[in-house]
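Examining the three-dimensional arrangement
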Amino acid sequence: MRFDLLVQGAPLTTGAPERALRFAQAAVDARHQIGRIFFYNDAVSVANRFAADASGTREQLAQLASEAEFELAVCVTAAARRGILANESLADGFVIVGLGQLIEAIEDSDRLVSF
């Protein structure tokens, strides 16, 4: 089964990125496929290389995405509103994309799970 994840909650106040990471790891361990994790709204701050990440979620997401070969997609508009620029502050392993990639994920996945 292919899962795509939509993460909208801020890392420091909701823990949504950490829950998405745990879900993705469990799915990969169960031999499911993750197509993409799409970060939207305040969740884009997890992709800011300069933001504090005491839990290590950013690095763990990048590591899992590399190993399981899925994309960590960051909404271009939400990122720009929060000062995250592809050339300057985007963390390794994350890519800036448009909302079209979210629509594509919805169409291509068996399940879209939102955090």
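Before reading on, note that the structure itself is shown above.
First, a word on what this report is: a plain description of the structure on this page. (Residues numbered from 1 in each chain as written. Predicted model: local features only at pLDDT ≥ 70, side-chain atom pairs only at ≥ 80, totals over all residues. Heavy atoms only, no water.)

**Some words on the sheet that holds strand β1 (residues 2-7)**
Hydrogen bonds between backbone atoms are what pair the strands of a sheet, whose relative direction is either parallel or antiparallel. Our working definition: Strand pairing is assigned whenever DSSP detects at least two bridges linking the two strands. The numbering of helices and of strands both runs from the N terminus, where a helix is a DSSP run of H or I of at least 4 residues and a strand a run of E of at least 2. For every element, the axis is a line fit to its C-alpha atoms; helices are fit only across the contacting stretch, and the angle between N-to-C directions ranges from 0 to 180 degrees. Between two residues, a contact is recorded if the distance between any of their heavy atoms is within 4.5 Å.
Taken together, 5 strands build an open sheet; the order of strands is β4-β3-β2-β1-β5 and the sheet is parallel. Looking at strand neighbours, the two that pair on one side only are β4 (94-97) and β5 (111-114), the edges of this open sheet. With strand direction ignored, the average angle separating the axes of adjacent strands in the sheet is 25°. Where β1 lies against β5, 4 bridges are found, and the strand directions are parallel. Paired with phenylalanine 3 across the two strands is arginine 111, which belongs to β5. Contacts from helix α2 (residues 16-29) reach β1, β2 (33-39) and β5, with the element oriented near 175° to β1.

**With respect to a nonpolar patch on the surface**
Stated formally: Two joining distances apply to patches: 9 Å for like charges and 5 Å for nonpolar side chains (Val, Leu, Ile, Met, Phe, Trp, Tyr), and every residue must have over 30% relative accessible area and no salt bridge. Per-residue and other accessible areas follow the Shrake-Rupley method at a 1.4 Å probe size, with only the shown protein chains counted as cover for residues. Salt bridge, as used here: a side-chain nitrogen of Lys or Arg that lies within 4 Å of a carboxyl oxygen of Asp or Glu. The cut-offs for exposure are 20% and 50% of the maximum accessible area for each residue type, with area from a 1.4 Å probe on protein chains only; residues under the lower value are buried, those over the upper are exposed, and the others partly exposed.
Together, Ile103, Ile106 and Leu112 give the surface a local cluster of nonpolar side chains, amounting to about 250 Å² of exposed area. Tracing the backbone shows leucine 112 in strand β5. Residue classification places leucine 112 among the partly exposed positions, given a relative accessible area of 35%.

**Brief notes about the packing of α2 against helix α3 (residues 57-68)**
Threshold: Just so you know how the angles are binned, under 35 degrees is roughly parallel, over 145 roughly antiparallel, 65 to 115 roughly perpendicular, and the rest oblique. Here a crossing is taken to be left-handed if its near helix is turned anticlockwise relative to the far helix by less than a right angle, and right-handed if that turn runs clockwise. Three categories are distinguished: nonpolar for Ala, Val, Leu, Ile, Met, Phe, Trp, Tyr, Cys and Pro, charged for Asp, Glu, Lys and Arg, and polar for the others, with Gly belonging to the last.
Two elements in contact, α2 and α3, have axes whose closest approach is 10 Å; the angle formed by their N-to-C orientations is 25°. As summarised for this structure, α2 and α3 are arranged roughly parallel, according to the angle between their axes. For the pair α2 and α3, the crossing hand works out as left-handed. Facing α2, whose interface residues are Pro17, Glu18, Leu21, Ala24, Gln25 and Val28, α3 presents Thr57, Gln60, Leu61, Leu64 and Ala68. Residue composition of the contact of α2 with α3, grouped by class: 7 nonpolar, 3 polar and 1 charged.

**Some details on the nonpolar core**
Put simply, the rule reads: Only buried Ala, Val, Leu, Ile, Met, Phe, Trp, Tyr and Cys residues count toward a nonpolar core, and they belong to the same one when joined by side-chain atoms within 4.5 Å.
In terms of nonpolar packing, the biggest core is built from 35 residues, with Leu5, Val7, Ile37, Phe39, Leu72, Val74 and Phe94 touching the most fellow members. Mapped onto this core, the elements with two or more residues apiece are β1, α2, β2, α3, β3 (71-75), α4 (76-81) and β4. Take this core: its biggest share by element is 5 residues, from α2. Not counting residues up to four positions away in its chain, the partners in contact with isoleucine 37 are Leu5, Val7, Ala24, Leu61, Phe70, Glu71, Leu72 and Ala73.

**A closer look at α3**
Side chains that are three or four residues apart share a direction in an α-helix, a result of its 3.6 residues per turn. Formally: What a helix is expected to span follows from its residue count: subtract one and scale by 1.5 Å. It is the directions from the helix axis to the C-beta atoms that the arc portrays.
For α3, built from 12 residues, the straight-helix expectation of 16 Å at 1.5 Å per residue is met to within 8% by its first-to-last C-alpha distance of 16 Å. Listing the buried residues of α3 in full gives Thr57, Arg58, Leu61, Leu64 and Ala65. Within α3, the buried residues cover an arc of 135° as seen down the axis, which keeps them to one side. The exposed residues of α3 that point more than 90 degrees off its buried face are Glu59, Ser66 and Glu67. Taken together, the buried residues of α3 touch α2, β2, β3 and β4. Of the residues one or two after α3, glutamate 69 is the one with positive phi, at around 60°.

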